[in-house]
Amino acid sequence: THPPVSNNGNVGAPAPAAASMAMEDDAGENNLQTALVETRRQLCGAYCSVAELFLTDLCFEANAEKDCESALQAALELDDPKSSPDAVQAMANLRISQNRGIEAVSYILDAYSRVKVGCEAMADLVGLGIDDGD
């Protein structure tokens, strides 16, 4: 194969139109990826909201516990471990409400690990994280 030749005859340099199209394709792919991540985040949040309804206002409905569990399983499938702790926190709430505290611990620890850095930074910012020896 031969090196690409640009419109102005320079060997090895891609044609400006081709480079521009490649950049547009990359930008479009990035936008699509961003939209997909945001849609998954929103769906996860919606499933968490449904689950919270079954844990509170709808707790006496037939199959409330099963429907809550199903909503949380769907939320956990969409959950991004680098994102909001909502899904794992809601699952911990369900396990606690079921008197299954031991199973809730891993969800609680996961939720805490997701917010720990932010909580510590905020505590330092307002002076709560500083140990002055008293």
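Per chain, residue numbering runs from 1 following the sequence as it is written. Selection of residues for local features in this predicted model requires a pLDDT of at least 70, selection of side-chain atom pairs for listing and counting requires 80 or more, and totals for whole chains, interfaces and linings are taken over all residues. Hydrogens are left out, water is left out, and the side-chain values use all remaining heavy atoms of the structure.

A. Highlighting the overall build of the chain. Where helices and strands are cited, they refer to DSSP runs of H or I of at least four residues and of E of at least two residues respectively, numbered from the N terminus. Each helix and strand in the chain was counted, giving four helices and zero strands. When the elements of the chain are put in sequence order from the N terminus, they spell out α-α-α-α. Residues counted as buried form 21% of the 134 residues belonging to the chain. Nonlocal contacts in the chain, meaning residues at least 24 apart in sequence, comprise 41% of its contacts between residues at least 6 apart. For the chain, the computed accessible surface area is about 9600 Å², with 58% contributed by carbon and sulfur atoms. For every residue, the accessible area obtained with a 1.4 Å probe (protein chains only) is divided by the maximum for its type, and the residue is called buried under 20%, exposed over 50%, and partly exposed between those limits. Contact between two residues is taken to exist if any of their heavy atoms lie within 4.5 Å; hydrogens are not considered. Residue burial considers only the protein chains on display, and all accessible areas are found by Shrake-Rupley using a 1.4 Å probe.

B. Representation of helix α3 (residues 86–97) in the model. What a helix is expected to span follows from its residue count: subtract one and scale by 1.5 Å. The terminal C-alpha atoms of α3, which comprises 12 residues, lie 16 Å apart, in line with the 16 Å expected from a rise of 1.5 Å per residue. Those residues of α3 that sit buried are Ala 87, Val 88, Ala 90, Met 91, Ala 92, Leu 94 and Arg 95. Phi for Asn 99, located one or two positions after α3, is positive at around 60°.

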